[in-house]
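Each chain, written out:
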Amino acid sequence: MVLKIENTQITDWKGYKGRPFLISGPCSAETEEQVMETARQLAALNQVSVFRAGIWKPRTRPNSFEGIGSEGLKWMRRVKQETGMLIGTEVANEKHVYEALKYGVDMLWIGARTTVNPFTVQEISDALQGVDVMVLVKNPVNPDIELWVGAIERIAGAGITRIGAIHRGFSTYEKTLYRNQPNWQLPIELRRRIPDLPIICDPSHIAGARAYLHEISQKAMDLNFDGLMIESHIDPANALSDSAQQLTPNDLKELLTRLIMRNPNPDDPKLLDVLGELRQQIDIYDDHLLDLLEKRMKIAEKIGMYKKENNITILQSLRWDEIIRRAVIRGQTKGLSAEMIDGIFKAIHQESINHQMRVMNNER
Ligand code: PEP
Ligand code: MN
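First, a word on what this report is: a plain description of the structure on this page. Please read these numbers as outputs of a predicted model, since none were measured by experiment. Starting afresh in each chain, residues are numbered from 1 along the sequence in its written order. The naming scheme follows written order: chains are lettered A onward, ligands numbered 1 onward. Per-residue local features of the predicted model are confined to residues with pLDDT of at least 70, and side-chain atom pairs are confined, for both listing and counting, to 80 or more; whole-chain, interface and lining totals are unaffected and use all residues. Heavy atoms from the whole structure form the basis of all side-chain values; hydrogens and water molecules are not counted.

### Quick look at the sheet that holds strand β2 (residues 48-52)
Heads up, the rule is: Any two strands with at least two DSSP-identified bridges between them are counted as paired. Only DSSP runs of H or I reaching four residues or more are called helices, and only runs of E reaching two or more are called strands; each is numbered from the N terminus. All axes are obtained by fitting lines to C-alpha atoms, using only the stretch in contact for helices, and the reported angles, taken between N-to-C directions, cover 0 to 180 degrees. The contact criterion used throughout is that any non-hydrogen atoms of two residues lie within 4.5 Å.
An order of β1-β2-β3-β4-β5-β6-β7-β8 is seen for the eight strands of this closed barrel, with the pairing classed as parallel. Direction aside, neighbouring strands of the sheet carry axes that sit 30 degrees apart on average. Lying over the sheet, helix α1 (residues 32-45) contacts β1 (21-25) and β2, oriented at roughly 170 degrees with respect to β2.

So this is what it looks like as structure tokens:
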């Protein structure tokens, strides 16, 4: 059961400048100069709602730069005063929350390594009780939707009404093209479960390299995500953290110009007509599929009855291996992926067994 989340529409969030809701700034605040100059250049784009910078950095190995600490919050406060952009940073414990709020930070986010730990998320939630601040919850490093939802519920439990999720990808043991696997099905499932929750994509931590930022951002926009968090640094080559994935404010501008924004709610009647008609066709086929499944299960029940009368076990795996093998081959000639056919037929098999069991147990 998902907690009822009282959330404010992202379009009503302070600082909203249109889709994509843009959060940008360096991975880490390093020096006052670096923070101020990055912020000035980003502010000049006129599209960034929130200036981000990591103050406390969760680093994989010790002896890496672990963040400048509270000193950097003074620089961020200056950014807010001088550029008008809102400011945001990562918090990983209650001390971070108190420090950030003391300096007027408008947006806090919970990092991927923190979302995995319900104790810490609860500690942060307790520190946020009664505070009016934007809070974004990054996905946990492992692809576990329940942990992600659980963390969002804990934050909602503090009474926060501007909550969003950040999709930053999932770590894997194997080396892959991207630093973190996007597993797009997880944010899509999150949207299904909590439709009103804004989802921000963080292409920087998914990509791990500048070259992939555009394609990931485009995909996020095509999936109708609400915003993007993209790391930007005036001198990426010399950044103290995440150097390969940061881009200059100028390159960010270029990326944004190339983004194609498709219409999530077309209102042109002609477009709607064509789409409406195609959707009706889809609905008809979906009804067919359901009718077919119903008929198929009726046959399974007859088989169940026959097995019962003749004292034969329900599960006959050789027969099922053969059905799936045949369906996969046939599906491939129709352009249907083996993965999908395998998934669907396994589900049908399970349902078939359930129906036969009911017959055996005289429940039907
Ligand atoms: C970050 O945003 O700089 C960061 C550390 O992110 P994540 O929690 O996604 O690793
Ligand atoms: Mn980073």
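### A few points about helix α3 (residues 94-102)
Selection criterion: Using a 1.4 Å probe on the protein chains alone, a residue whose accessible area is under 20% of its type maximum counts as buried, one over 50% counts as exposed, and one in between counts as partly exposed. Pairing of N or O atoms within 3.5 Å defines a polar contact, subject to two protein rules: one partner must be a possible hydrogen donor and the other a possible acceptor, and residues neighboring in sequence count only if both atoms are side-chain atoms.
Turning to α3, its buried residues are His96, Val97, Glu99 and Ala100. At its buried positions, α3 is contacted by α2 (71-83), β3 (86-91), β4 (107-110) and α5 (118-128). Here α3 starts with a cap whose side-chain oxygen sits 3.1 Å from the backbone nitrogen of Lys95, and that cap is Asn93. Of the residues one or two after α3, Gly104 is the one with positive phi, at around 75 degrees.

### Details of the pattern of salt bridges
Quick note on the threshold: Any Lys or Arg side-chain nitrogen located within 4 Å of an Asp or Glu carboxyl oxygen qualifies as a salt bridge.
As enumerated under the stated definition, the model contains 20 salt bridges in all. When the shortest N-O distance is used, the salt bridge between Asp106 and Lys80 registers 2.9 Å. Within this pair, whereas Asp106 is found in the loop between α3 and β4, its partner Lys80 is found in helix α2, the two being separated by 26 residues in sequence. A residue is classified by how much of its surface remains accessible, and Asp106, at 6% relative accessible area, is buried. Here Asp242 and Arg179 are joined by a salt bridge, their closest N and O atoms 3.2 Å apart. Taken together, the residues Asp242 in the loop between β8 (227-231) and α10 (249-258) and Arg179 in the loop between β6 (163-167) and α7 (185-193) connect sequence positions 63 residues apart. Of the residues examined, Arg179 reaches a relative accessible area of 37% and is grouped as partly exposed. Residues joined in a network through salt bridges with shared partners are Glu146, Glu189, Arg192 and Arg193.

### Notes on the side chain of His167
Turning to its location among the elements, His167 is positioned in strand β6. Polar side-chain contacts of His167 include one of 2.7 Å to the backbone oxygen of Pro182. When neighbours within four sequence positions are excluded, His167 is seen to be in contact with Asn139, Trp148, Pro182, Asn183, Trp184, Pro187, Ile199, Ile200, Cys201, Asp202, Ile206 and Phe225.

### Section: the site of ligand 1
Condition: We call a residue near a molecule or strand as soon as one heavy atom of that residue lies within 4 Å of the molecule or strand. Computed with a 1.4 Å probe, the accessible areas rest on the Shrake-Rupley method; for each residue, only the protein chains presented here act as cover. Amino acids outside the nonpolar list (Ala, Val, Leu, Ile, Met, Phe, Trp, Tyr, Cys, Pro) and the charged list (Asp, Glu, Lys, Arg) are all regarded as polar, and Gly is one of them.
Residues in close proximity to ligand 1 include Cys27, Arg52, Lys57, Glu90, Trp109, Gly111, Ala112, Arg113, Lys138, Arg168, His205 and Glu231, which together make up its full environment. Take Lys138: an N or O atom from its side chain is 2.7 Å from an oxygen atom of ligand 1. Protein burial of ligand 1: of its 290 Å² of free accessible surface, 97% is covered by the chains. Looking at the shell around ligand 1, its residues break down into three nonpolar, two polar and seven charged.

### Quick look at α1
As a reminder, the rule being used: Between the first and last residue of a helix there are one fewer steps than residues, each counted as 1.5 Å, and that sum is the expected span.
An ideal rise of 1.5 Å per residue puts 20 Å on 14 residues; α1 measures up with 20 Å between its terminal C-alpha atoms. Those residues of α1 that fall on the buried side of the exposure criterion are Gln34, Val35, Met36, Thr38, Ala39, Leu42 and Leu45. Structurally, α1 contributes buried residues whose contacts are with β1, β2, α2 and α10. Two residues or fewer after α1 comes Asn46, characterised by a positive phi angle close to 65 degrees.

### Looking at the packing of helix α12 (residues 317-333) against helix α13 (residues 338-360)
Describing two packed helices takes the angle between their axes plus the distance from one axis to the other. Definition in use: Crossing handedness: left-handed means the near helix sits turned counterclockwise from the far one by under a right angle, and right-handed means the same turn made clockwise.
Two numbers describe how α12 lies on α13: the axes approach to 9 Å, and their chain directions differ by 145 degrees. Crossing of α12 over α13 shows right-handed handedness. Where α12 abuts α13, its residues Trp320, Ile323, Ile324, Ala327, Val328, Gly331 and Gln332 lie against Ala338, Ile341, Asp342, Phe345, Lys346, Ile348 and His349. Residues belonging to the contact of α12 with α13 are distributed by class as follows: nine nonpolar, three polar and two charged.

### Overview of the coordination of the manganese ion (ligand 2)
Here is the rule: Water is not part of the atom set, so a site may look incomplete; the donors themselves are N, O and S atoms within 2.8 Å of the metal, or 3.2 Å for Na, K and Ca.
Taken together, the protein donors to the manganese ion (ligand 2) comprise Cys27 (SG), His205 (NE2), Glu231 (OE) and Asp242 (OD), at separations of 2.0 to 2.4 Å. Sequence positions of the residues that donate to the manganese ion (ligand 2) give the spacing C-x177-H-x25-E-x10-D. Highlighted residues: Glu231 in strand β8 and Asp242 in the loop between β8 and α10, separated in sequence by 11 residues. Like Asp242, Glu231 is buried.

### Let's talk about unusual backbone geometry
For the peptide bond that leads from Arg19 to Pro20, omega is -5 degrees, which places it in the cis range. Secondary-structure assignment places Pro20 in the segment before β1. Positive phi outside glycine occurs at Asn183, with the angle close to 40 degrees. Relative to the assigned elements, Asn183 resides in the loop between β6 and α7. Despite not being glycine, Asp242 shows a phi value in the positive range, around 45 degrees.

### A closer look at a positive patch on the surface
The condition that has to hold: Patches draw on residues past 30% relative accessible area with no salt bridge. Two like charges within 9 Å are joined, as are two nonpolar side chains (Val, Leu, Ile, Met, Phe, Trp, Tyr) within 5 Å. Under the counting rule used here, the positive set is Lys and Arg, the negative set is Asp and Glu, and His together with the chain ends is not counted. The atom standing in for a charge is NZ when the residue is Lys, CZ when it is Arg, CG when it is Asp and CD when it is Glu.
A surface patch of positive charge is lined by Arg319, Arg326, Arg330 and Lys334. Among the structural elements, Lys334 can be located in the loop between α12 and α13. Using a relative accessible area of 55% as the deciding quantity, one classes Lys334 as exposed.

What is shown is where atoms sit, not what they do.
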